Amino acid sequence: MPHSYTKLLYHIVFSTKNREPWLEEPLLARVCQYLGGAISGEGGAAVIVNGMPDHVHILARMRQDLALSDVLRAVKANSSGWIHETFPNLAGFSWQGGYGAFTVSASHKGKVRAYIEGQQKHHKRQTFQEEFVAFLTAHGIDHDERYLWE
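Nothing here was measured: the structure is a model prediction, and the numbers come from that model.

Student: Would you explain the packing of helix H1 (residues 27–41) against helix H2 (residues 68–86) in this entry?
Tutor: Helix packing for two helices is described by the angle between their axes and how far apart those axes are. Put simply, H1 and H2 touch, their axes get as near as 10 Å, and they point 140 degrees apart. Classed by the angle they form, the pair H1 and H2 counts as oblique. Every pair of crossing elements has a handedness; the one defined by H1 and H2 is right-handed. Where H1 abuts H2, its residues Arg30, Val31, Tyr34, Leu35, Ala38 and Ile39 lie against Val75, Asn78, Ser79, Trp82, Ile83 and Thr86.

Student: I'm lost on the pairing of strand S1 (residues 8–15) in this one. Help?
Tutor: The side chains of a regular strand alternate between both faces of the sheet. The buried count for S1 comes to 7 of 8 residues, which makes it a mostly enclosed element. When S1 meets strand S4 (residues 100–104), the two strands line up antiparallel, connected through 5 bridges. When the sheet's bridge partners are listed, valine 13 is paired in S4 with glycine 100.

Student: What is the right way to read helix H5 (residues 128–138) from this model?
Tutor: An α-helix turns once per 3.6 residues; consequently, residues spaced three or four apart project the same way. All of the buried residues in H5 are Phe128, Glu131, Phe132, Val133, Phe135 and Leu136. Along its buried surface, H5 packs onto S1, strand S3 (55–62), S4, helix H3 (109–117) and helix H4 (119–122). Remark: glycine 140 follows H5 within two positions and exhibits a positive phi of approximately 65 degrees.

Student: I tried to follow the layout of surface pockets on my own but got confused; where do I start?
Tutor: Left-over empty space is what a probe sized like a water molecule reveals as it rolls over the atoms. Of the voids in this model, the largest pocket is the one considered here, and its volume is about 330 Å³. Taken together, 16 residues make up the lining of the largest pocket; nearest its centre are His11, Lys111, Val112, Phe135 and His139. Contributions of two or more residues to the lining of the largest pocket are made by S4, H3 and H5. Here the lining of the largest pocket gets 4 residues from one element, more than from any other, and that element is H5. Here the residues of the lining of the largest pocket are counted per class, giving 7 nonpolar, 7 polar and 2 charged. The space that makes up the second largest pocket amounts to roughly 180 Å³. A breakdown of the residues in the lining of the second largest pocket according to their chemical character gives 5 nonpolar, 4 polar and 2 charged.

Student: For this particular structure, what's the right way to read the environment of aspartate 65?
Tutor: Secondary-structure assignment places aspartate 65 in the loop between S3 and H2. Residue aspartate 65 is classed as exposed on the basis of its relative accessible area of 51%. Aspartate 65 sits 38 residues away from leucine 27 along the chain, and the two C-alpha atoms are 32 Å apart. At 2.7 Å, the side chain of aspartate 65 forms a polar contact with the side chain of arginine 63.

Student: Where do I start with the side chain of glutamate 131 in this structure?
Tutor: For glutamate 131, the location among the structural elements is in helix H5. In this structure, glutamate 131 is buried with no salt-bridge partner, the nearest side chain bearing the opposite charge being arginine 125 at 9.1 Å. Among the polar contacts listed, one links the side chain of glutamate 131 to the side chain of histidine 123, at a separation of 3.1 Å. Here glutamate 131 is in contact with His55, His57, Tyr115, Gln119, His122, His123 and Gln126, once residues within four sequence places are set aside.

About the cut-offs
Just so you know, the residues in each chain are numbered from 1, in the order the chain's sequence is written. Restriction of local features to residues with pLDDT of at least 70 applies here, the model being predicted, together with a cutoff of 80 or more for giving and counting side-chain atom pairs; totals for whole chains, interfaces and linings are based on all residues. By convention in this description, side-chain values take in all heavy atoms of the structure and omit both hydrogens and water. A fitted line through C-alpha atoms serves as each axis, taken over the contacting stretch for helices, and the angle formed by two N-to-C directions is quoted from 0 to 180°. In DSSP terms, a helix is any run of H or I states spanning at least four residues, a strand is any run of E spanning at least two, and both are numbered starting from the N terminus. Oblique is the label for any angle not under 35 degrees, not over 145, and not in the 65 to 115 range, which are roughly parallel, roughly antiparallel and roughly perpendicular in turn. Take the far helix as your reference; a near helix turned counterclockwise from it by less than a right angle gives a left-handed crossing, and one turned clockwise gives a right-handed crossing. Contacts are residue-level and defined by heavy atoms, with any inter-residue pair within 4.5 Å sufficient. Each residue is assigned to one of three classes by its accessible area relative to the maximum for its type, calculated with a 1.4 Å probe on protein chains only: buried under 20%, partly exposed between the two thresholds, exposed over 50%. One requirement defines pairing of two strands: DSSP has to find at least two bridges between them. The definitions used throughout rest on a 1 Å grid laid over the protein atoms alone, on which a cavity is an enclosed set of points accommodating a 1.4 Å probe that cannot get out and a pocket is an open set flanked by protein within 12 Å on both sides along at least five of seven lines; lining residues are those having an atom within 4 Å of a point. Grid points are joined across faces, edges and corners, and a volume is the space filled by probe spheres set on the points. Ten residue types, Ala, Val, Leu, Ile, Met, Phe, Trp, Tyr, Cys and Pro, are classed as nonpolar, four, Asp, Glu, Lys and Arg, as charged, and the remainder, Gly among them, as polar. As used in this structure description, the phrase polar contact means that two N or O atoms lie within 3.5 Å; if the pair is within protein, one of them must be able to donate a hydrogen and the other to accept it, and residues adjacent in sequence are counted only when both atoms belong to side chains. Counting rule for charge: Lys and Arg are taken as positive, Asp and Glu as negative, and neither His nor the chain ends is counted. Counted as salt bridges are all cases of a side-chain nitrogen of Lys or Arg within 4 Å of a carboxyl oxygen of Asp or Glu.

Listed below in structure tokens is the structure:
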């Protein structure tokens, strides 16, 4: 086969450092828009970006020739710089060091998109920490909660 064909969808989750609630509206909407553009700038395509004051969710299609860790390092660094430059009163803002990234099959794209769209409703019932541990468990990722949070 002379060509490679891929469709790599990821559900990406990361929080603000120490899960500080920096991203209140209307800042959250602007940060989500910026993150979508930053994903595109790194060669990906954001399907949806949404979040809460302490974390964000991104559903994105990524290129097969780029390492996800490199893309997210650039996206997080560039968005932090943009936040500091655009909102000088947020000089203390930073993202957590790590992230969660989970592959999504094309058949589940709509379900994941709806989940990300419904963040505000969803988090009336569950904290970010509970949500993230549930993702790790559902995806069979071994973890030790003692080392999960910065």
